[in-house]
Amino acid sequence: MHRVDLTALFLHSLALWFVAIGGPSTVLPEFHRYLVEANQLMTSTDFAELYTLAQAAPGPNFMYVTLMGWHLAGWAGALTMTIPVLIPATTLSLLVSHLNQRYPNGAIGRLFNRALIPITMGLMCASSTILMRAVNHNWRAYLLTLITLAVVMRTSWNPLWLLAAGAMAGVLGLV
Amino acid sequence: MEQSPAPATRISALQLFLTFSRITLCGFGGVGFWARRVLVERLGWLTEKEYVELFSLGQLIPGPPVFNLTVLVGHRFGGWTGAAAAVSGFLLWPCLMVVGMGVLYQRYGALPQVRSALGGMLIVAAALIFSTFLKMAKVLPLSWRPWLLAILAFVGVGVLRWPLFWVLGVLAPLALLAAWKEQL
């Protein structure tokens, strides 16, 4: 594993969150490329496990970057990866909040939204396959994937129950 | 152009801090659900329509949608200090908890039981992201253009592992141009 260059990590994260359309799972592939492939700061398994752990904690989904930062370099790392999330989001939200009070119809906003949805979808697909590739898959794992999808698409259960069920399946040696 | 009605109430910074602490601490497995429940149903700060508007605005702004919603709501009811208070409440507790998880992971992450539990959870976590993709796919118009964009984004980022900036730099202008032309 290589040493962490916190300045470079900060700047890369900052640039990334400025273009993070469609929520935190769309930048996951890029974080994986940067942390695992380009700079070899952690293994693919570490990456996937830290992401998963963060999903099991309360709070917003993007906190996986805080956990990864902490894993890499303690509190300094956690701040290095969390502050870049907040800068673009806060400035742009306040700007939009201000503009929105002036131009409430938001036709341009809707245009952007509609245009970028397909790209968001492609990136979500990429995130999901990257995580799946990080574990050794056998047919039982794929079966769990299918069951999870069926449950999520048909019910509105809290995803936390599904994560707990996944953990249980893991402990019992089913997957 | 119609002026959006100014919010009648102003809410104190402390109250914003406490409310967003509550939302975020309830938010196991995603905060969006709780934000709606607390802001619309329990407290009645926002109507259903206002919530949907602010939430879709939050999705549009780069960065995590629920975080953007926090800033928007805080700013709306309490100005700059309100936004700061809402954000502090929203982030402080999850930050501490996630670091707690990090401590546990570094201490016990190598145990075989923990490894197998994490393996099972990981499969579910990956499937959860994929289910978001499926839900979006169900409502995507059945024409070749959006699907081509989705496939190109997937192949560029997920298969060829190109940097996101290159892929977005090419695809986002194309997507905007296509959507704009469709609208004309």
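As the structure is a computational prediction, the values presented were derived from the model and not from experiment.

## Focus on the overall build of chain B
Then step 1. When helices and strands are tallied, chain B shows seven helices and zero strands.
Then step 2. Beginning at the N terminus, the succession of helices and strands in chain B can be written as α-α-α-α-α-α-α.
Then step 3. Taken over the C-alpha trace, chain B has a radius of gyration of 20 Å; the compact-globule value for 184 residues is 16 Å, which it surpasses by more than 25%.
Then step 4. Dimensions of chain B, computed from the C-alpha atoms along their principal axes, are close to 60 × 50 × 25 Å.
Then step 5. Here chain B holds 184 residues, and the buried ones make up 45% of them.
Then step 6. Contacts in chain B between residues far apart in sequence, at least 24 positions, make up 44% of those at least 6 positions apart.

## A look at the overall build of chain A
Then step 1. Counting secondary structure elements, chain A contains seven helices and zero strands.
Then step 2. Mapped in sequence order, the helices and strands of chain A form the string α-α-α-α-α-α-α.
Then step 3. Taken along its principal axes, the extent of the C-alpha atoms in chain A is 55 × 45 × 25 Å.
Then step 4. The buried share of chain A, taken over its 175 residues, is 53%.
Then step 5. Nonlocal contacts in chain A, meaning residues at least 24 apart in sequence, comprise 58% of its contacts between residues at least 6 apart.

## Remarks on unusual backbone geometry
Then step 1. Look at A:Q40: it is not a glycine, yet its phi comes out positive at around 50°.
Then step 2. Along the chain, A:Q40 turns up in the loop between α2 (28-38) and α3 (44-56).
Then step 3. Since 10 C-beta atoms lie within 10 Å of it, A:Q40 is described here as exposed.
Then step 4. Not every positive phi belongs to a glycine, and B:R161 is a case in point at roughly 60°.
Then step 5. Residue position: B:R161 is located in the loop between α6 (144-159) and α7 (164-183).
Then step 6. A tally of 15 C-beta atoms within 10 Å means that B:R161 is categorised as partly exposed.

## A short note on α3(A)
All names here are of chain A.
Then step 1. In this model α3 runs 19 Å from its N-terminal to its C-terminal C-alpha over 13 residues, within 8% of the 18 Å that 1.5 Å per residue would give.
Then step 2. Counting buried positions over the 13 residues of α3 gives 10, a clear majority of the element.
Then step 3. Every buried residue belonging to α3 is among F47, A48, E49, L50, Y51, T52, L53, A54, Q55 and A56, and all of these are buried.

## A closer look at the confidence of the model for chain A
Then step 1. Looking at chain A as a whole, its pLDDT mean stands at 89, while 94% of the residues score no less than 70.
Then step 2. Mean pLDDT across the elements of chain A bottoms out in helix α5 (residues 107-133) of chain A (87) and peaks in α2(A) (96).

## A few points about the domain arrangement of chain A
Residues and elements named next belong to chain A.
Then step 1. One can read the domain layout of chain A as domain 1 (6-135) and domain 2 (137-175).
Then step 2. Taken over C-alpha atoms, the centre of domain 1 sits 24 Å from the centre of domain 2.
Then step 3. A per-class count over the side of domain 1 that touches domain 2 returns three nonpolar, one polar and no charged.

## A few points about the environment of A:L131
Then step 1. Mapped onto the elements, A:L131 comes out in helix α5.
Then step 2. With 27 C-beta atoms counted inside 10 Å, the residue A:L131 sits in the buried group.
Then step 3. Considering only alpha carbons, one finds A:L131 and A:L28, 103 residues apart in sequence, at a separation of 9.3 Å.
Then step 4. Those residues in contact with A:L131 that sit more than four places away from it in its chain are A:A48, A:Y51, B:L122, B:A125 and B:A126.

## Thoughts on the interface of chain B and chain A
Then step 1. Contacts between the two partners involve 80 residues from chain B, matched on the other side by 92 residues from chain A.
Then step 2. Every element with two or more residues in the side of chain B that touches chain A is listed here: α1 (13-26), α3 (48-60), α4 (65-108), α5 (112-139), α6 and α7 of chain B.
Then step 3. Sort the elements by how many residues they give to the side of chain B that touches chain A and α5(B) lands first, with 22 residues.
Then step 4. Along the lines of polarity and charge, the residues of the side of chain B that touches chain A split into 60 nonpolar, 17 polar and three charged.

Rules of the game
Residues numbered from 1 in each chain as written. Chains lettered and ligands numbered in written order. Predicted model: local features only at pLDDT ≥ 70, side-chain atom pairs only at ≥ 80, totals over all residues. Helix = DSSP H or I, 4+ residues; strand = E, 2+ residues; numbered from the N terminus. Rg over C-alpha atoms; globule rule 2.2 N^0.38 Å. Buried ≥ 20, exposed ≤ 12 C-beta atoms within 10 Å, placed from the backbone. Contact = placed C-beta atoms within 7 Å. Expected span 1.5 Å × (residues − 1). pLDDT = per-residue confidence, 0-100. Domains from an automatic or database assignment. Nonpolar A, V, L, I, M, F, W, Y, C, P; charged D, E, K, R; others polar.

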